[in-house]
Protein chains: 2
Amino acid sequence: MVEGVHFNLKWGTPDLLGARSLTVNLSDIAAMGGKPTACVVNLAIRPGLNRTFFDRLYRGLAKAATATGVDIVGGNITRADQLSITIALFGEVTGSPMLRENARPGDAIYVTGTVGDAALGLRLLSGKSRARGCTRKFLVDRFLSPTARIDAGRALARIRPTPAAIDMSDGLWQDLGHILERSRVGAEIDPALLPLSPAYRALAGTDVSYALGGGDDYELLFCMRSRMSEAALSRRLGVNVCRIGKIVSGDRATLVGTATADSVPRLQGWDQLRAHA
Amino acid sequence: MVEGVHFNLKWGTPDLLGARSLTVNLSDIAAMGGKPTACVVNLAIRPGLNRTFFDRLYRGLAKAATATGVDIVGGNITRADQLSITIALFGEVTGSPMLRENARPGDAIYVTGTVGDAALGLRLLSGKSRARGCTRKFLVDRFLSPTARIDAGRALARIRPTPAAIDMSDGLWQDLGHILERSRVGAEIDPALLPLSPAYRALAGTDVSYALGGGDDYELLFCMRSRMSEAALSRRLGVNVCRIGKIVSGDRATLVGTATADSVPRLQGWDQLRAHA
């Protein structure tokens, strides 16, 4: 995570930044059904930041590590022009990891939680949209304090046949694309089924472009043979789960159902090399 | 490794930079007597560098990985203002790792290879010193293409009692200090025993300040009960080894022998936060 690319110090506290820098890595482990164990942290520090800043950054990081059973076992500090935090996180999988190549035609496609909130939170933080009160707080929190779905991922990985899964860091559409590519399948997504939070609806109405194209939610997207209801699956995973479409043969994702093309103008997803700040 | 801090693209080829970025990590594994196994690579790329550059960088990295049995198993690419390469390297130790806390009074202190070459190479690259021909080439190569003493480290770790060891990245004096601190001991170093290369002597004469204070050699410094001759130890480790002093009780390092204070003006070693470029 690089200052000016992935975060801006004005957006939140150093504690939140420290926690988030681990969470985005925890999310990758969650998407494979793994148990995170230990990490090494590389901190590139720039002039103008004091000891208090780094104490708080580390406090947030350490708190997130403790909460998820992760040991911070080493790392490195270097000087640079830009502040950046690079974490390598280790995890263990018992049994079969969930792989992007596991999707098969006929699988249902699900997501955990709600989607698009973090993209709207980022718009609020960078002044591109405006909202107040609970709506603003909820969306901004979703960007600044994402939750890695570790327990849900581990519960998912126990299901047979092992689901395909990915965490949504670049956006639903783009991350789904990674599964399609690796599994050599296509997908049909019904935009009307996307789980949108009340805050999302308050700010963006029925425009699902942020839910499809916006990144940083760190919810899981997974594909599996469906035998359970959404309610039963939600209970099993400990988080709300929504079916949003299905895997089909082919090699591309298409939108089906009632949504019009007008409502989904930004389907390219997010690119890691595109600036956030 | 951060551009403008640890390296300058004018100094060498992208291939060498890629290889060196792994070697400095391999050296840490070597210093514990470990066998390197796998790494993850984080690349922060800045504008102005083309595909060819990154192909060559990766080629050098991959070549160094293959040569040492390391799998590049993952990583990340991000945008930044500065080019930087961050590697987390995994290694395995069978038996006891060599730890910095293992030094005991009475141990002899050894170094592998020659010391101070890389610091002089860096001076040549940055225009602070001048040399030509073989002298320049040798010293610059020692900075740009260091060798991680993996085999020597593994051979050392089989000796009982297990030696204390560290790789000299920050400089002999500073890295020795890490051992003294962790082992709660002192040291006596005889500057006349420091192994200086012919190229070192050609450029710096009898001034041992670069040998004591200069970093980036990535040779091993180790402390152990001495039963073998330097020649026998050199054969066992597969690299030339020199005894340079001994561990004593106390908590500080002192210079003993014939050297005058004038010849060792820079004993603070190198600091990770001090600029190289």
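Residues numbered from 1 in each chain as written. Chains lettered and ligands numbered in written order. Predicted model: local features only at pLDDT ≥ 70, side-chain atom pairs only at ≥ 80, totals over all residues.

Within chain A one finds nine helices and nine strands. Taken over C-alpha atoms, the radius of gyration comes to 19 Å for chain A, in line with the 19 Å a tight globule of 277 residues would show. When the backbone C-alpha atoms are referred to their principal axes, chain A occupies close to 55 × 45 × 30 Å. The long-range share in chain A, meaning contacts at least 24 apart out of those at least 6 apart in sequence, stands at 88%. (Helix = DSSP H or I, 4+ residues; strand = E, 2+ residues; numbered from the N terminus. Rg over C-alpha atoms; globule rule 2.2 N^0.38 Å. Contact = placed C-beta atoms within 7 Å.)

To continue, consider the domain arrangement of chain A. All names here are of chain A. Domain assignment breaks chain A into domain 1 (14-92) and domain 2 (100-263). A separation of 25 Å is found between the C-alpha centroids of domain 1 and domain 2. Listed by contribution, the elements that provide at least two residues to the side of domain 1 that touches domain 2 are helix H1 (14-30) and strand E1 (35-45). The biggest single contributor to the side of domain 1 that touches domain 2 is H1, with 10 residues. Residue composition of the side of domain 1 that touches domain 2, grouped by class: eight nonpolar, four polar and three charged. (Domains from an automatic or database assignment. Nonpolar A, V, L, I, M, F, W, Y, C, P; charged D, E, K, R; others polar.)

Attention now moves to the sheet that holds strand E4 (residues 108-112) of chain A. Residues and elements named next belong to chain A. Reading across the sheet, the six strands line up as E5-E7-E4-E8-E6-E9 and stay open at both edges, with mixed pairing between neighbours. Each of the sheet's edge strands pairs with one partner strand only, and the pair in question is strand E5 (164-167) and strand E9 (253-255). If you compare each strand with its neighbour and ignore which way they point, the axes differ by 25° on average. Bridge count for E4 against strand E8 (residues 241-248) is five bridges, and the pairing is antiparallel. In the strand pairing of E8, Ile 109 is matched with Gly 245. Across the face of the sheet, helix H5 (residues 150-157) comes into contact with E4, E5 and strand E7 (220-224) while running at roughly 10° to E7. (Pairing = 2+ DSSP bridges. Axes fitted to C-alpha atoms, helices over the stretch in contact; angles between N-to-C directions.)

On to the environment of Asp 217 of chain A, then. Secondary-structure assignment places Asp 217 of chain A in the loop between helix H8 (209-213) and E7. Assessed through the 30 C-beta atoms surrounding it within 10 Å, Asp 217 of chain A is described here as buried. (Buried ≥ 20, exposed ≤ 12 C-beta atoms within 10 Å, placed from the backbone.)

Next up on the list: the nonpolar core. Buried together is how nonpolar side chains tend to be arranged in soluble globular proteins. Grouped together as the largest cluster of nonpolar side chains are 168 residues, with contacts concentrated most on Leu 221 of chain A together with Leu 221 of chain B. Excluding residues that lie within four positions of it along the chain, Leu 221 of chain A makes contacts with Ile 109, Val 111, Ala 165, Ile 166, Met 168, Leu 172, Asp 175 and Leu 176 of chain A. (Core = buried A, V, L, I, M, F, W, Y, C linked by C-beta atoms within 7 Å.)

We now examine the sheet that holds strand E2 (residues 71-79) of chain A. All names here are of chain A. Taken together, the three strands give an open sheet; going across it, the order is E2-E1-E3, and neighbouring strands pair in mixed fashion. Strands with a single pairing partner mark the edges of an open sheet, and in this sheet they are E2 and strand E3 (84-92). Pairs of neighbouring strands in the sheet enclose a mean axial angle of 15°, with direction left out of account. Bridging between E1 and E2 involves eight bridges; their strand directions are parallel. Looking at the pairing, Ala 38 lines up with Asp 71 of E2.

Here Asp 151 of chain B is to be found in helix H5 (residues 150-157). C-alpha of Asp 151 of chain B to C-alpha of Lys 35 of chain B: the two residues are 116 residues apart in sequence and 8.6 Å apart in space.

Residue and element names in this part refer to chain B. For helix H6 (residues 172-183), built from 12 residues, the straight-helix expectation of 16 Å at 1.5 Å per residue is met to within 8% by its first-to-last C-alpha distance of 16 Å. Among the residues of H6, those classed as buried are Leu 172, Trp 173, Gln 174, Asp 175, Leu 176, Ile 179, Leu 180 and Ser 183. Looking at the packing, one finds that the buried side of H6 touches strand E4 (108-112), strand E5 (164-167), strand E6 (186-189), helix H8 (209-213), strand E7 (220-224) and strand E9 (253-255). At the C-terminal side of H6, Arg 184 shows a positive phi close to 55°. (Expected span 1.5 Å × (residues − 1).)

Before going further, it helps to spend a moment on the environment of Asn 8 of chain B. Residue and element names in this part refer to chain B. Along the chain, the position of Asn 8 falls in the segment before helix H1 (14-30). C-beta crowding within 10 Å serves as the criterion here: with 15 such atoms nearby, Asn 8 is assigned to the partly exposed category. Considered as a pair, Asn 8 and Gly 213 are 205 residues apart in the sequence and their alpha carbons are 21 Å apart.

One copy of the chain maps onto the other through a rotation about an axis plus a displacement along that axis. Laying chain B over chain A is done by rotating through 180° and shifting 0.0 Å along the axis; what remains is an RMSD of 0.0 Å. Accordingly, the operation relating the two chain copies is best matched by a two-fold axis. Among all residues of chain B, the minimum C-alpha distance to the rotation axis is found for Ala 88 of chain B, at 3.2 Å. A share of 100% of interface residues in chain B that are also interface residues in chain A marks the association as one of identical surfaces. (Least-squares fit on C-alpha atoms with pLDDT ≥ 70 in both.)

Here the focus is unusual backbone geometry. The amide bond that connects Arg 160 of chain A to the next residue, Pro 161 of chain A, takes the cis arrangement and shows omega of -5°. Following the sequence through the fold, Pro 161 of chain A ends up in the loop between H5 and E5. The phi angle at Arg 184 of chain B is positive, at roughly 55°, despite the residue not being glycine. One can find Arg 184 of chain B in the loop between H6 and E6. Since 12 C-beta atoms lie within 10 Å of it, Arg 184 of chain B is described here as exposed.

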